[in-house]
Protein chains: 2
Amino acid sequence: MSNKEALEHYDHKQFRTPDGYTSDIAVFTILSTKIGEFKPPHMTLMLMLIKRAQLNAEGQPNIEASKWALPGGFVQPDESAYEAAKRELEEETSVNSIHIKHFGVYDKPGRDPRGWIISNAHYAIVPEHELSKRKANDDAADVRLFSVDEVLQLDLAFDHREIIEAAIAVIKHDLLQTPVAKSFLQDHFTYSELQAVLKTVTNDPAITSDQAFSRKIKTLPFIEEVSGQKTQRTSKTPTQLYRFADEMNIVRPIYSARY
Amino acid sequence: MSNKEALEHYDHKQFRTPDGYTSDIAVFTILSTKIGEFKPPHMTLMLMLIKRAQLNAEGQPNIEASKWALPGGFVQPDESAYEAAKRELEEETSVNSIHIKHFGVYDKPGRDPRGWIISNAHYAIVPEHELSKRKANDDAADVRLFSVDEVLQLDLAFDHREIIEAAIAVIKHDLLQTPVAKSFLQDHFTYSELQAVLKTVTNDPAITSDQAFSRKIKTLPFIEEVSGQKTQRTSKTPTQLYRFADEMNIVRPIYSARY
DNA sequence: TGAATAGTGTCTATTAGACATTATCCC
DNA sequence: GGGATAATGTCTAATAGACACTATTCA
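Residues numbered from 1 in each chain as written. Chains lettered and ligands numbered in written order. Predicted model: local features only at pLDDT ≥ 70, side-chain atom pairs only at ≥ 80, totals over all residues. Heavy atoms only, no water.

- You'll find chain A entered in an unreviewed UniProt entry as ADP-ribose pyrophosphatase, with Metabacillus litoralis given as the organism.
- Per its UniProt entry, chain A bears the Sequence similarities (unreviewed entry) comment "Belongs to the Nudix hydrolase family." (UniProt positions renumbered as here; feature names shortened; annotations may be inferred.)

Have a look at this one:
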């Protein structure tokens, strides 16, 4: 019996369907506060939010107006939620092909006053300099970066507080458990630049101690020295440059790790 | 301006909406092959699939008939996809309140011939003895367990091959990186029982070596000895019983781990 | 020369990993 | 005693973590 035959008998109306299918994106960047010449940077993990306009594109009163929210929008029928997130991020910031990852589905009944609306939550990592091109679109009155510490004190739209809390937890986890820190850095970086990225999410002494970390980085299997390449952008002493090796799976079971 | 006012102007019809919203569940269990009295078990990681019936509940030809598929079904408007997965799992196996986790969204256009249908993928862990109650429901001609090695050789419905590959990767990862092995074991277990679970997904010598593992288990911060409790179910020599400590976050950064 | 970051020398306590040995129990 | 699993003794090589020290450069 063929699928074709079966399809003739199929009726979509037999189940209620959602009223909307959207993708939201938590766009993270790291603000590099230059402390001075010949100094390693101080870094702060930031999240980009938009302020919802009073009126929508059609000039009608907007839902959750004047609250801060994650950028996002409706998924088109010819794309996946992941592709929609990529598209929307590019529309919003003119950035494409950067790190973007799905991390959750938000579909609790009542989460959106407009009806049964499902949101796919993604987080993206955009290097600071790429974000300069950001712009407010029709629905947004403002676009701004907030540190992950202050962002939860805002008046947030829909269930975005919950989504943002999860996004922050996920990126903190991923920064320490995967080589995703790569996305915040240039291709070649010094030990202190990588250290600065990690210090935005941990105070593990193995990472915060300069000597320990500068030694450790040489032995990590997913990082390699760029032989002979040094820079002076973080110190007067020329500093060794490193890069991430191509995709590596790091899986040390918790049952054999050291504690 | 209130949300109430804004809602009066809102029109659902302005965006196309999905034709269906479903939850699928990869139900894993571990088959404990008893080798004999006073021996630790040999374990195999199994996945439960259903065989789609020729005819659906209404007596009409079924889509993807006679192929093997993940159990699942449509999400109701008054529940989340996660709740739907829990409900469906209970309908299918009479098991409730076990480990269940969302791990992905499958929404590529064309993945289901019936239209724009979004599936939330979950994996669940069900102890072997609970699965005995499993039954085929209306849409299923058969229910069966397959080892994760043989399951990919089956003729699988929709895009379930892709979903199952991801599910297997996720559970292998989680077994080694989180204390989820707990869900496969009784409250109290011996080192060799835990070891048998882990051996279904790794051949790391730190785990496969009896002496090494029986020593290591004593030092793991998320496992504690049940003082004075021993069992003889795995050997003639009484063996120490252990249990998982209450929820613990295990985060050893890859940047400080030992390699 | 002073100040600052990068990087090394060296010591200690811990431990992973390996191998040998002992313990316990049932038959 | 034989056989099997559990658990400990012991040695070695590796290394995390800490502290002191040296190297490099610019002002």
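Remarks on the domain arrangement of chain A
Residues and elements named next belong to chain A.
Part 1: The assigned domain composition of chain A is domain 1 (17–177) and domain 2 (180–244).
Part 2: Between the C-alpha centres of domain 1 and domain 2 the distance comes to 28 Å.
Part 3: Between domain 1 and domain 2, the contact holds 20 residues from the first and 18 residues from the second.
Part 4: Overall, the association of domain 1 and domain 2 removes approximately 1,600 Å² of surface from exposure, summing both partners, and the carbon and sulfur fraction of that is 79%.
Part 5: A per-residue breakdown of the area domain 1 buries against domain 2 is headed by Phe38, Met43 and Leu175, which together make up 39% of the total. (Domains from an automatic or database assignment. Contact = heavy atoms within 4.5 Å. Buried area = accessible area lost by both parts, 1.4 Å probe.)

Things to note about the protein's contact with DNA strand D
Part 1: Neighbouring DNA strand D are 26 residues, the closest being Lys216 and Thr237 of chain A together with Tyr191, Arg215 and Gln240 of chain B.
Part 2: A share of 68% of the atoms of DNA strand D within 4 Å of the protein falls on sugar and phosphate groups.
Part 3: Interatomic distance of 3.0 Å between a side-chain N/O atom of Thr234 of chain B and a phosphate oxygen of DNA strand D.
Part 4: Between DNA strand D and Gln240 of chain B, the relevant distance is 2.9 Å, taken from a phosphate oxygen to a main-chain nitrogen or oxygen of the residue.
Part 5: Considering each element in turn, the surface near DNA strand D owes the most residues, 3 residues, to helix α6 (residues 210–216) of chain A.
Part 6: Of the residues belonging to the surface near DNA strand D, the class tally is 7 nonpolar, 10 polar and 9 charged. (Near = heavy atom within 4 Å. Polar contact = N/O pair within 3.5 Å; in protein donor to acceptor, adjacent residues only side chain to side chain. Helix = DSSP H or I, 4+ residues; strand = E, 2+ residues; numbered from the N terminus. Nonpolar A, V, L, I, M, F, W, Y, C, P; charged D, E, K, R; others polar.)

Topic: unusual backbone geometry
Most peptide bonds take the trans form, and the phi angle of most residues other than glycine is negative.
Part 1: Phi is positive for Ser94 of chain A, close to 60°, though the residue is something other than glycine.
Part 2: With relative accessibility at 35%, the residue Ser94 of chain A sits in the partly exposed group.
Part 3: A positive phi angle, close to 65°, is found at Ser66 of chain B, a residue other than glycine.
Part 4: Its place among the elements puts Ser66 of chain B in the loop between β2 (42–52) and β3 (68–69).
Part 5: Residue class for Ser66 of chain B comes out partly exposed when judged on its relative accessible area of 34%. (Buried < 20%, exposed > 50% of the residue type's maximum accessible area, 1.4 Å probe, protein only.)

Here's the deal with the packing of aromatic side chains
Part 1: Scanning all chains against the criterion turns up 14 aromatic pairs over all chains.
Part 2: Centre to centre, the rings of Phe222 of chain A and Phe244 of chain A are 6.3 Å apart; their planes meet at 20°, and the pair counts as stacked. Remark: Phe244 of chain A occurs in strand β9 (residues 239–244) and Phe222 of chain A occurs in the loop between α6 and β8 (223–231); sequence separation between them is 22 residues. Across the pair, exposure class does not vary: Phe222 of chain A and Phe244 of chain A are buried alike.
Part 3: Site record: aromatic cluster; members linked through ring pairs are Phe189, Phe222 and Phe244 of chain A together with Tyr255 of chain B. (Phe/Tyr/Trp six-rings, centres within 6.5 Å; stacked < 30°, edge-to-face > 60°.)

A few points about the pattern of salt bridges
All names here are of chain A.
Part 1: Applying the stated criterion across every chain, the model contains 26 salt bridges over all chains.
Part 2: A salt bridge links Glu64 to Lys67; the shortest N-O distance between them is 3.3 Å.
Part 3: Classification of Glu64 as buried rests on a relative accessible area of 8%.
Part 4: Lys67 gets classed as partly exposed once you look at its relative accessible area, which sits at 22%. (Salt bridge = Lys/Arg side-chain N within 4 Å of Asp/Glu carboxyl O.)

Comments concerning the interface of chain B and chain A
Part 1: Every contact between the two is made by 71 residues of chain B and, on the other side, 70 residues of chain A.
Part 2: When chain B packs against chain A, the two sides together hide about 6,200 Å² of surface, and 66% of this comes from carbon and sulfur.
Part 3: If you sort the residues of chain B by the area they bury against chain A, Tyr21, Ile254 and Tyr255 of chain B come out on top, with a joint share of 13%.
Part 4: Between the two partners, chain B and chain A, sit 2 salt bridges.
Part 5: Note that Asp204 of chain B is salt-bridged to Arg252 of chain A, the shortest N-O span being 3.4 Å.

Notes on the protein's contact with DNA strand C
Part 1: Residues in contact with DNA strand C amount to 24 residues; listed here are only the nearest, Tyr191 and Arg215 of chain A together with Gln211, Lys216 and Thr237 of chain B.
Part 2: When the atoms of DNA strand C within 4 Å of the protein are sorted by group, sugar and phosphate make up 66%.
Part 3: Arg215 of chain A is positioned with one of its side-chain polar atoms (N or O) 2.5 Å from a base nitrogen of DNA strand C.
Part 4: Among the elements of the structure, α4 (191–199), α6 and β9 of chain A together with α6 (210–216) of chain B are those that each provide at least two residues to the surface near DNA strand C.
Part 5: Element by element, the count of residues in the surface near DNA strand C is highest for α6 of chain B, at 3 residues.
Part 6: When grouped by side-chain class, the residues that make up the surface near DNA strand C number 6 nonpolar, 10 polar and 8 charged.

Overview of the side chain of Gln177 of chain A
Part 1: The residue Gln177 of chain A is located in helix α3 (residues 160–177) in this model.
Part 2: With a relative accessible area of 14%, Gln177 of chain A lands in the buried category.
Part 3: In this structure the side chain of Gln177 of chain A is engaged in a polar contact, spanning 3.1 Å, whose partner is the backbone oxygen of Arg252 of chain B.
Part 4: Setting aside chain neighbours within four positions, we find Gln177 of chain A in contact with Gln177, Val251, Arg252, Pro253 and Ile254 of chain B.

Here we look at the relation of the copies chain B and chain A
Part 1: Here chain B sits on chain A after a turn of 180° about the axis and a move of 0.0 Å along it, with an RMSD of 0.0 Å. The superposition operator between the copies reduces to a two-fold rotation axis. (Least-squares fit on C-alpha atoms with pLDDT ≥ 70 in both.)

Quick word on the environment of Arg16 of chain B
Part 1: One can find Arg16 of chain B in the loop between α1 (3–8) and β1 (20–33).
Part 2: Arg16 of chain B sits 100 residues away from Trp116 of chain B along the chain, and the two C-alpha atoms are 10.0 Å apart.
Part 3: Apart from the residues lying within four places of it in its own chain, the contact partners of Arg16 of chain B are Pro77 of chain A together with Trp116 of chain B.

What about helix α2 (residues 81–93) of chain B?
All names here are of chain B.
Part 1: Compared with the 18 Å implied by 1.5 Å per residue over 13 residues, the 18 Å span of α2 between its first and last C-alpha is a close match.
Part 2: Among the residues making up α2, those that are buried are Ala81, Ala84, Ala85, Glu88, Leu89, Glu92 and Thr93. An end-on view of α2 places all buried positions within 135° of arc, on one side of the element.
Part 3: Here the buried face of α2 lies against β1, β2, β4 (72–74), β5 (99–106), β6 (117–125) and β7 (140–147). (Expected span 1.5 Å × (residues − 1). Arc of directions from axis to C-beta.)

What about the nonpolar core?
Where a protein is soluble and globular, its nonpolar side chains tend to be buried together.
Part 1: One finds Phe28, Leu49 and Leu194 of chain A together with Tyr255 of chain B to be the most contacted residues of the largest nonpolar core, which totals 47 residues.
Part 2: When residues of this core are traced back to their parent elements, those giving at least two are β1 (20–33), β2 (42–52), β5 (99–106), β6 (117–125), α3, α4 and β9 of chain A.
Part 3: Built from parts of two domains, this core gets at least three residues from each of domain 1 (17–177) and domain 2 (180–244) of chain A.
Part 4: Core analysis: the next-biggest nonpolar cluster, separate from the first, contains 46 residues, Ala167, Leu176, Val197 and Val201 of chain B among them. (Core = buried A, V, L, I, M, F, W, Y, C linked by side-chain atoms within 4.5 Å.)

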